[in-house]
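Topology and contacts: notes
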Amino acid sequence: MDGKRYLITPGPTPVPPEVVAAEAAPLHHHRSPDFRALLGETLAALRRLFATEHDVLLFTGSGTAAMESSVANLLSPGDRVVVASAGNFGERWLKLVRAYGIEPVHVAHEWGERLDPARIGAAAEEAETAAVFVTQSETSTGVVHDIEAIAKHTAPTGAVLVVDAVSSLGGVELATDAWGVDVVVAGSQKALMTPPGLAFASVSPRAWLRAERSTLPRYYLDWRLTADSQAKNDTAFTPAVTVVAALRKALELIESRGYETVWAHNRRLALGAREGVKALGLELYSPDDETSAMVTALLMPDGIDGQRCYGVLRDRHGIVLAGGQGSLRGRIMRIGHMGYMNEFDIVTALAGLELALAELGYRPPRPGAGAARAVEVFASG
Ligand code: PMP
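Let me begin by describing the structure that accompanies this report. (Residues numbered from 1 in each chain as written. Predicted model: local features only at pLDDT ≥ 70, side-chain atom pairs only at ≥ 80, totals over all residues. Heavy atoms only, no water.)

**With respect to the overall build of the protein chain**
Along the backbone of the protein chain there are 14 helices and 14 strands. Over its C-alpha atoms the protein chain spans a radius of gyration of 21 Å, differing by no more than 12% from the 21 Å that the globule rule assigns to 381 residues. On the principal axes, the C-alpha backbone points of the protein chain span a range of 60 × 55 × 35 Å. Out of the 381 residues in the protein chain, the part that is buried amounts to 60%. A separation threshold of at least 6 residues defines the contact pool for the protein chain, and within that pool the share at least 24 residues apart is 72%. Surface accessibility of the protein chain: about 14,900 Å² in total, with carbon and sulfur atoms responsible for 52%. Taken as two groups, the 36 positive and 44 negative side-chain charges of the protein chain have centres that lie 4 Å from each other. (Helix = DSSP H or I, 4+ residues; strand = E, 2+ residues; numbered from the N terminus. Rg over C-alpha atoms; globule rule 2.2 N^0.38 Å. Buried < 20%, exposed > 50% of the residue type's maximum accessible area, 1.4 Å probe, protein only. Contact = heavy atoms within 4.5 Å. Areas by Shrake-Rupley, 256 points an atom, 1.4 Å probe, with all protein chains shown as cover. Lys, Arg positive; Asp, Glu negative; His and termini not counted. Charge placed at Lys NZ, Arg CZ, Asp CG, Glu CD.)

Below, the structure written as structure tokens:
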């Protein structure tokens, strides 16, 4: 292997050269006017991206830090909380809530299913519910859940709706204010094509009301501390200054393309990936429709271990896809198509997959069938 690497995963995703250059610029001191200006511009761009007029809080940490912040800032011991899950990241909400001593009402779905908005609404309605925790893009299965529909069902209950959009914000639509979503959490390293290191949480006025009453312990992730600093274009602690610089550039690139254009681009790449997978004679695990715009998950052929396929792809061909998580480990592979990806990443993923599978004993219907089909899809518009 000649050392060339292709990162075609659901995160971290590749970083455009302009963003790398922004990160490599000389460091600002975080209490300097230069950094304050950088932070102010970045927060304003984040509010546009989140489609909210309210606070978007920025933390140095990975996406899970923003998830944890919403548990620690919204809840009090004894609160009734609903968690809906259909995969690994939905289950992360369960673990987080339990870590703070609260046993949630679990609206469990099979992995790979779509979250059922009516079931979630009914669970939130049953008794006074403080908060409902869901996922937009369930990265472990490739399903993008219908947050607009879930919000319609939870809004009348008065519960605060918290959405994990770590792998979808910027990649598919999430109209935070218009849909009535109270808290959206995200991270820098996926659709936002920035290195890992920053986490975000948008907070609606209704979520603030609850946060002011919440008594769970918090310090580093305290929303009030962060919001008060941000009101002065400042941060409570030393932030990942270089990642903020990278993020500002990435958000500028995304805005200059236009949000809708980026979403449409992702849907197009996803279509090429799905068609290519099927042309290889493989079965899709993620839904075969345009909602699966962030991750395409495919089932391994009988008798082939997905982890071996992942290893051959990475070690022999330099192509990093993602394997399966939890009970899907070894059974699926995942192609990420969010962030700084284009048609050739999809063609590379499909061609690499074919080579790796061939090594493990699987032959597609025709040589090059997956890559050829993807090219055909892309050529047709
Ligand atoms: N939620 C989702 C949907 C994710 O895809 C991820 C990252 N794979 C996370 C949460 C966790 O984010 P992080 O690894 O940045 O803490």
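**Focus on helix α8 (residues 205-213)**
All of the buried residues along α8 are Ala 207, Trp 208, Arg 210 and Ala 211. Considered in projection along α8, the buried side chains sweep an arc of 165° and stay on one side of the axis. Exposed residues on α8 whose side chains face more than 90 degrees from its buried face are Leu 209, Glu 212 and Arg 213. Looking at the buried side of α8, the elements it contacts are β2 (55-60), α3 (63-74), β8 (160-164), β9 (183-187), β10 (198-203) and α9 (223-230). (Arc of directions from axis to C-beta.)

**A word on the nonpolar core**
The biggest cluster of nonpolar side chains holds 52 residues, and the ones touching the most others in it are Leu 46, Phe 50, Val 134, Val 181 and Phe 200. Residue contributions to this core peak at nine residues, all from helix α10 (residues 241-257). Not counting the four nearest positions on each side in its chain, Phe 50 is found in contact with Val 56, Leu 169, Leu 174, Thr 176, Val 184, Ala 186, Phe 200 and Ser 202. With 32 residues, the next largest nonpolar core counts Ala 66, Val 71, Trp 223 and Ala 227 among its residues. (Core = buried A, V, L, I, M, F, W, Y, C linked by side-chain atoms within 4.5 Å.)

**Section: the pattern of salt bridges**
Throughout the structure, instances matching the rule amount to 21 salt bridges. Its salt-bridge partner being Asp 234, residue Arg 36 comes within 3.4 Å of it at the nearest N-O pair. A residue pair is termed long-range when its members are at least 10 positions apart, and Arg 36 in helix α2 (residues 33-50) and Asp 234 in the loop between α9 and α10 qualify at 198 residues. Taking relative accessible area as the criterion, Arg 36 reaches 27% and is therefore assigned partly exposed. With a relative accessible area of 15%, Asp 234 lands in the buried category. With a closest N to O distance of 3.2 Å, Arg 274 and Asp 288 form a salt bridge. Residue Arg 274 is located in helix α11 (residues 259-279), and its partner Asp 288 is located in the loop between α11 and β11 (295-299); the two are separated by 14 residues in the primary sequence. Residue classification places Asp 288 among the partly exposed positions, given a relative accessible area of 44%. Within this structure, Arg 274, Glu 275, Lys 278, Asp 288, Arg 373 and Glu 376 form a network of salt bridges that share partners. (Salt bridge = Lys/Arg side-chain N within 4 Å of Asp/Glu carboxyl O.)

**Remarks on the sheet that holds β9**
Two modes of strand pairing occur in sheets, parallel and antiparallel, and in both the strands are linked by backbone hydrogen bonds. Strand order across the open sheet formed by seven strands is β2-β10-β9-β8-β5-β3-β4, with mixed pairing between neighbours. With one partner strand each, in any of the chains shown, β2 and β4 (105-108) form the two edges of the open sheet. Here the strands of the sheet are splayed against their neighbours by 20° on average, with no regard to which way each runs. Strand direction decides the pairing type here: strand β3 (residues 81-85) and β4, joined by four bridges, are parallel. Paired with Val 82 across the strands is Val 105, a residue of β4. Set on the sheet, helix α4 (residues 88-99) makes contact with β3, β4, β5 (131-135), β8 and β9; between it and β3 the angle comes to about 155°. (Pairing = 2+ DSSP bridges. Axes fitted to C-alpha atoms, helices over the stretch in contact; angles between N-to-C directions.)

**Digging into the packing of aromatic side chains**
Tallied over the full model, the rule gives five aromatic pairs. Their ring planes at 45° and their centres at 4.7 Å tell us that Trp 93 and Phe 133 sit as a pair that is tilted. Of this pair, Trp 93 sits in helix α4 while Phe 133 sits in strand β5; the two residues are 40 residues apart in sequence, bridging distant segments of the chain. In this pair, the class of Trp 93 matches that of Phe 133, namely buried. (Phe/Tyr/Trp six-rings, centres within 6.5 Å; stacked < 30°, edge-to-face > 60°.)

**Quick notes on the side chain of Thr 13**
Looking at where Thr 13 falls in the secondary structure, it is placed in the loop between β1 (6-7) and α1 (17-24). Thr 13 sits in the buried class, given a relative accessible area of 3%. A polar contact of 2.8 Å, which involves the side chain of Thr 13, links it to the backbone oxygen of Lys 190. In this view, Thr 13 contacts Leu 7, Gln 189, Lys 190, Met 193, Met 338 and Met 341; residues no more than four positions away in its chain are not counted. (Polar contact = N/O pair within 3.5 Å; in protein donor to acceptor, adjacent residues only side chain to side chain.)

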